[in-house]
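A structural walkthrough
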Amino acid sequence: MLSSLSVAARDLSLAGCAKIALLGVLALAAQSAFAAYEVVAVTGGGTIDGIVTLSGAPPAGATLKVTKNQDYCGASIPDPTYTVGSGGGLGNVIVYLKDITKGKAAPAEPLALVNEHCMFNPRVQGAMVGESIKISSNDTVLHNTHPQNAETNATIYNVALPFKGFSVTKPLPGNPGLIKVKCDAHEWMHAWIMELDHPYYATTDADGKFTIKDVPPGSYTLVAWHEAAGEKTEPIVVAGGQSVKPKISLAAK
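Throughout what follows, the structure given in this document is the object of discussion. This one's a predicted model, so the numbers in the text were calculated from it and none came from an experiment.

1. Considerations on the state of the cysteines
Within the structure shown, the criterion is met by 1 disulfide. Cysteine Cys-183 remains unbridged, with the sulfur of Cys-118 as its closest cysteine sulfur at 8.5 Å.

This is how it looks when you write it as structure tokens:
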């Protein structure tokens, strides 16, 4: 018969093996999640060359109230929530493909988010899981850049920017999701980052135009997201070597 000491040692060994096995399963699950998108050489890809427009009238002459550092920031700042250009094109809309599983690699350069004249620039941008972001300030007043999970409000990190020219590069979260960014020192400052598990995204310019290149031929769902006008999806078919020109309309709210 085994002594009580031997039994205890055996139980500890089995518990250790079980823990190692569990960690292995979790590691494989995480690896599978990251392997959902496969980087491949895209030959004969198509281009999505579209426009997002706004239906309905946005608030006229909307401004952001400045409550701090008015001597530097000014008494008010034009509200960039609805940036409407020629022909009703809507700026600052993230447009991306849904559930694409393989294609081109992520951008090589890190994202940039600049604190500039008491606002974030750019206000809206896309990103791919695994990328980094360079956070910097062009202002002489104290800012902080505070990204949060848009769904849970959980803090991702909080970066103080004490002087002009200061910068820091940080990794983005390891999972896709919408990130909202704020400055706790200046409550009117906001930005948005749509983090995806692939690089097929674009942000509309001031006239609502966007381009997504090197798309493998196929049928997809195209998603347009705006911080105030909401989200809209449309089916799209991309042919090899061809350009498709979708037109998406979002309603002002």
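Structure shown, so let's carry the discussion forward.
2. Here we look at the nonpolar core
Judged by nonpolar contacts, the single largest core of 33 residues is most densely connected at Ile-48, Val-52, Leu-97, Phe-210, Val-215 and Leu-222. Apart from the residues within four sequence positions on either side, Val-52 is in contact with Gly-88, Gly-89, Leu-90, Val-93, Val-95, Thr-204, Gly-208, Phe-210, Ile-248 and Leu-250. Among the nonpolar cores identified, the runner-up in size contains 24 residues, and Val-66, Ile-77, Met-119 and Ile-133 belong to it.

3. What to know about empty space enclosed by the protein
Under the counting rule described, the total for this entry stands at 1 cavity of 30 Å³ or more. If you add up the space inside the largest cavity, you get close to 40 Å³. Around the largest cavity sit Leu-113, Ile-133, Ile-135, Thr-145, Pro-147, Tyr-157, Leu-172, Ile-179, Val-181 and Ile-193, which together line it. A per-class count over the lining of the largest cavity returns 9 nonpolar, 1 polar and no charged.

4. Observations regarding the pattern of salt bridges
Scanning the model with the defined rule gives 3 salt bridges in all. The salt bridge involving Asp-184 is made with Lys-182; its shortest N-O contact spans 3.6 Å. Here Lys-182 falls in the partly exposed class, since its relative accessible area comes to 27%.

5. Examining the pairing of strand β2 (residues 46-55)
Residues Gly-46, Ile-48, Gly-50, Val-52 and Leu-54 of β2 are buried on one face, while the alternating residues Thr-47, Asp-49, Ile-51, Thr-53 and Ser-55, pointing to the opposite face, are not. As defined by bridge partners, β2 adjoins strand β17 (residues 209-215) across 5 bridges and the pair is classed as antiparallel. By the bridge assignment for β17, Ile-48 is matched with Ile-212. Summarising the sheet, β2 and strand β20 (residues 243-244) pair through 2 bridges and their orientation is parallel. Its bridge partner lying in β20, Thr-47 is registered against Ser-243. Sheet analysis places β2 next to strand β21 (residues 247-251), joined by 5 bridges and oriented parallel. Residue pairing across strands places Val-52 opposite Ile-248, the latter belonging to β21.

Procedures and definitions
Once a new chain begins, its residue numbering starts again from 1 and follows that chain's sequence as written. Totals for whole chains, interfaces and linings use all residues, but because this is a predicted model, local features are given only for residues with pLDDT of at least 70 and pairs of side-chain atoms are given and counted only at 80 or more. The basis for every side-chain value is the complete set of non-hydrogen atoms in the structure, without hydrogens or water. In this description, a disulfide is simply a cysteine sulfur pair whose atoms lie within 2.5 Å. As used in this record, nonpolar core signifies buried Ala, Val, Leu, Ile, Met, Phe, Trp, Tyr and Cys residues forming a set joined through side-chain atoms within 4.5 Å. The cut-offs for exposure are 20% and 50% of the maximum accessible area for each residue type, with area from a 1.4 Å probe on protein chains only; residues under the lower value are buried, those over the upper are exposed, and the others partly exposed. The contact definition used throughout considers only heavy atoms, calling two residues in contact when any of these lie within 4.5 Å. The way it works is a 1 Å grid over only the protein atoms, where trapped points that fit a 1.4 Å probe form a cavity and open points with protein on both sides within 12 Å along at least five of seven lines form a pocket, and then any residue with an atom within 4 Å of a point lines it. Grid points are joined across faces, edges and corners, and a volume is the space filled by probe spheres set on the points. For this classification, Asp, Glu, Lys and Arg are treated as charged, while Ala, Val, Leu, Ile, Met, Phe, Trp, Tyr, Cys and Pro are nonpolar and the rest, including Gly, are polar. By convention in these notes, a salt bridge is any Lys or Arg side-chain nitrogen within 4 Å of a carboxyl oxygen on Asp or Glu. The helix and strand labels rest on DSSP assignments: H or I over at least four residues marks a helix, E over at least two residues marks a strand, and numbering proceeds from the N terminus. One requirement defines pairing of two strands: DSSP has to find at least two bridges between them.

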